[in-house]
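# Inside the fold
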Amino acid sequence: MREQSMVPEPEFESYYGRQILKTPTWKTPDVPLYLFLGGLAGASAVLAEGAALSGRPQLERVARLAAAGGATAGTVALVHDLGRPERFLNMLRVFKPTSPLSVGSFILAPFASFAGAAAASQVTGVLPRLGRLAGVGAAAFGPPLATYTAALVANTAIPAWHEAHRELPFVFAGSGAQAAGGLAMMLVPLDQAAPARRMALVGAALELVASERITKKGLVAEPYRIGRPGRLMRFARNASVVASGATALAGGRSRVLSAVAGATYLASSVTTRFGVFEAGLASAKDPKYVVVPQKERLARKETGGAAAHTEGQPAG
Amino acid sequence: MSIFSERSLWGRLDDVQHDAGYDEDHPPRMGFFTDTSVCIGCKACEVACKEWNDVPDDGYLLTGMSYDNTQALGASTWRHVAFVEKSGAGAAPAVDLGMPSFDLPGAHPHGEDQATESGDGALRWLMSSDVCKHCTHAGCLDVCPTGALFRTEFGTVVVQPDVCNGCGYCVSACPYGVIDLRKDDGRAFKCTLCYDRLKEGQTPACAQACPTESIQFGELSELRERADRRLEELHEKGVDVARLYGRDPEDGVGGDGAFFLLLDEPEVYGLPPDPVVPTRDIGSVWKHVGIAAATLFGVGVASFVGRRK
């Protein structure tokens, strides 16, 4: 079952085998759950606005509640992760484009407000026009909410995350689309759920392609292939494939099958986030992922002379 | 200057304080040059740092791996003395650096070096006092979402404990694995290069306590010249393994405010061989996030196109 690395164990020196980087202090399940909830909420907001425009009230209702619920639960998870939760508002003290967590706070805050207002208006029937306007706002902030979390993990010194910075945004976009589509497939009648099915199908394809590109990256991507994160990533991939097969074949005909496929998409999306998160932890804990690629880079610099930095080179 | 200008995120930067917004008449950039060739592993720096900065204990664990029970830099360890015992073929020939001998007096009647040229049983000690590098391009500072981490007028990088909310982003963004959260406290801590002492014109506690001047404190430009001379001197003595680490202003973090003279590969001391500030790629990161977000929006729109079913 376990995939073996295709390259022999590299030889390298270290300080008594100790890790060089600090293991990320972000808590499990808070942070991987937040990555999932942000994707679910962000993509659901887009689904909700499409449903409103195309006259699918039941899809709209489910998606609006998913957007608001995901944003609320995600915010709770994010605040709970802080070492000093009572100081969470310090996140809005400055705006720094170099800090995806800062930028993300300025995405999450308006998104949660818009999505909450849209859902409240939907449920209570109060101020419907303002509710729709808030829904448009949520749909605008939704895709950034679903994808900025990729910048959050990529803009670190953790090799498995940083070296995947081109692909992770697409993994997270696809994973969010699957989550939003999957939840709606579970809860919305077949005749209104067609857009949810299409969103999940395309999301699955997007994530599969982007994940595949990451796992092919050699040593830095090894944590995505072996151990527990490797198993999580493979489970997520297989779940996506199975759910997509079922959706394509009979998603529009069987209510039960649609619900089961939707739940499978959700499971895949959650698992991907835990897999990516834990791959990062694994890559921080082994000095090999720091030393070997950096030594290779130094060797390339020496042979390549002054052919210094190109964007394709790994950071660390 | 734009925050996204190539210069301020990556590459050589000769006036880091001005780049951070200080007026031209700011004090010179201060730093450490840690010459590990004269470190005797006394740990006076660790103790002085703890005492002056009132840093709490971080456990009394016996590692069993070496004389080093401090293990690593962390939230409550701002100086860490590494002890490397290297024996056999891996040990480069030792050269007398004026360090104390481990042999009995008179063990070498012919006045040989304390050394190990005979080969078998050859042992060499490497000791090095590690510290926060106070990078020119500091990953921790770049990613801090609250502004708790800031660049001082001396060019050093310091956490404001009254602002930090313990998000932990700095921990993952440090390419050296220096800064960490203090578990029972929740906030991030690291070396301040004794910001309080610097403001009084004093030497940081570790450098003040160092008995061999392995830890040298001063203006960074002057330290770099001093380090270059020391390196040349060692090379002339045949110590080819000596090299400077973090000295180069063109390296992946734009040079370190605290840099080192090492006698082996950096990774032997637990240092990354070629660290790069993660934010170097922030432009590429945001570009890909932007395209992915637009793709997700497009997927949403496309999902509503087609047969109504």
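As recorded in an unreviewed UniProt entry, chain B goes by Formate dehydrogenase iron-sulfur subunit and comes from Nocardioides terrae. One UniProt comment on chain B, placed under Subcellular location (unreviewed entry), says "Cell envelope".

Looking at an unreviewed UniProt entry, one finds chain A named Polysulphide reductase, NrfD, with Nocardioides terrae as its source organism. What UniProt records for chain A under Sequence similarities (unreviewed entry) is the sentence "Belongs to the NrfD family." What UniProt records for chain A under Subcellular location (unreviewed entry) is the sentence "Cell membrane".

## What about the overall build of chain B?
Along its length, chain B carries nine helices and 10 strands. Counting all 309 residues of chain B, 48% fall into the buried class. In chain B, 65% of the contacts between residues at least 6 apart in sequence involve partners at least 24 apart.

## A short note on the overall build of chain A
A count of helices and strands for chain A gives 10 helices and zero strands. Radius of gyration (C-alpha) of chain A: 21 Å, near the 20 Å computed for a compact globule of 316 residues. Reported as C-alpha extents along the three principal axes, the dimensions of chain A are approximately 65 × 50 × 35 Å. Sequence separation of 24 or more characterises 76% of the internal contacts of chain A that already satisfy a separation of 6 or more.

## Examining the UniProt feature "binding site: [4Fe-4S] cluster 1" (unreviewed entry) in chain B
All names here are of chain B. Using the residue numbers shown here, the UniProt feature "binding site: [4Fe-4S] cluster 1" (unreviewed entry) corresponds to Cys39, Cys42, Cys45 and Cys210. What stands out for the annotated residues spanning 172 residues is how close their C-alpha atoms remain, the widest pair being 10.6 Å apart. Beyond its immediate sequence surroundings of up to four residues, cysteine 39 is in contact with Met127, Ser128, Ser129, Thr212 and Ser214. In this fold, cysteine 45 is placed in helix α3 (residues 44–53).

## Considerations on the environment of threonine 247 of chain A
Residue and element names in this part refer to chain A. Following the sequence through the fold, threonine 247 ends up in helix α8 (residues 227–250). Given 26 C-beta atoms within a 10 Å radius, threonine 247 is considered buried. Between the alpha carbons of threonine 247 and arginine 197 there is a distance of 6.8 Å; along the sequence they are 50 residues apart. Those residues in contact with threonine 247 that sit more than four places away from it in its chain are Arg197, Ala200, Leu201 and Ala261.

## Description of helix α3 (residues 100–124) of chain A
With 25 residues, α3 of chain A extends 35 Å from end C-alpha to end C-alpha; this agrees with the ideal 36 Å at 1.5 Å per step. Count one or two residues on from α3 of chain A and you reach glycine 125 of chain A, which has phi positive near 80°.

## Structural notes on the interface of chain A and chain B
The interface of chain A with chain B comprises 70 residues on the first partner and 59 residues on the second. Secondary structure elements with two or more residues in the side of chain A that touches chain B: α1 (30–54), α3, α4 (128–154), α6 (168–187), α7 (194–215) and α10 (288–303) of chain A. A total of eight residues in the side of chain A that touches chain B trace back to one element, the largest contributor, which is α4 of chain A.

## Things to note about the UniProt feature "binding site: [4Fe-4S] cluster 4" (unreviewed entry) in chain B
Within the UniProt annotation, "binding site: [4Fe-4S] cluster 4" (unreviewed entry) is assigned to Cys144, Cys164, Cys167 and Cys170 of chain B. On the basis of their most widely separated C-alpha atoms, the annotated residues across 27 residues gather in one place, lying no more than 10.6 Å apart. Apart from the residues within four sequence positions on either side, cysteine 144 of chain B is in contact with Ser99 of chain A together with Leu149, Tyr169 and Cys170 of chain B. Here cysteine 170 of chain B lies in helix α5 (residues 169–173). A tally of 30 C-beta atoms within 10 Å means that cysteine 170 of chain B is categorised as buried. Residues within four places of cysteine 170 of chain B in sequence aside, it is in contact with Cys140, Val143, Cys144, Leu149, Ile179 and Ala188 of chain B.

## Re unusual backbone geometry
Cis geometry marks the peptide bond from threonine 28 of chain A to proline 29 of chain A; its omega dihedral reads 5°. Position of proline 29 of chain A among the secondary structure elements: in the segment before α1. Of note in this structure, glutamine 71 of chain B is not a glycine but carries a positive phi near 80°. Positionally, glutamine 71 of chain B belongs in the loop between α3 and β2 (79–87).

## Focus: the UniProt feature "transmembrane region" (unreviewed entry) in chain A
Sites flagged by UniProt as "transmembrane region" (unreviewed entry) map to residues 33–53, 65–83, 103–121, 133–158 and 170–190 of chain A. Secondary structure across residues 65–83 of chain A comprises 89% helix and 0% strand; the distance between its end C-alpha atoms is 30 Å.

## Some thoughts on the sheet that holds strand β9 (residues 243–245) of chain B
Residues and elements named next belong to chain B. The four strands lie next to each other as β8-β1-β10-β9, forming an open sheet whose pairing is mixed. With one partner strand each, in any of the chains shown, β8 (215–219) and β9 form the two edges of the open sheet. Within this sheet the neighbouring strands show an average axis-to-axis angle of 20°, counted without direction. Where strand β1 (residues 30–35) and β8 come together, five bridges link them in antiparallel fashion. Within β8, the position partnered with threonine 34 by the bridge is isoleucine 215.

Quick notes on the rules
- Residues numbered from 1 in each chain as written.
- Chains lettered and ligands numbered in written order.
- Predicted model: local features only at pLDDT ≥ 70, side-chain atom pairs only at ≥ 80, totals over all residues.
- UniProt positions renumbered as here; feature names shortened; annotations may be inferred.
- Helix = DSSP H or I, 4+ residues; strand = E, 2+ residues; numbered from the N terminus.
- Buried ≥ 20, exposed ≤ 12 C-beta atoms within 10 Å, placed from the backbone.
- Contact = placed C-beta atoms within 7 Å.
- Rg over C-alpha atoms; globule rule 2.2 N^0.38 Å.
- Expected span 1.5 Å × (residues − 1).
- Pairing = 2+ DSSP bridges.
- Axes fitted to C-alpha atoms, helices over the stretch in contact; angles between N-to-C directions.

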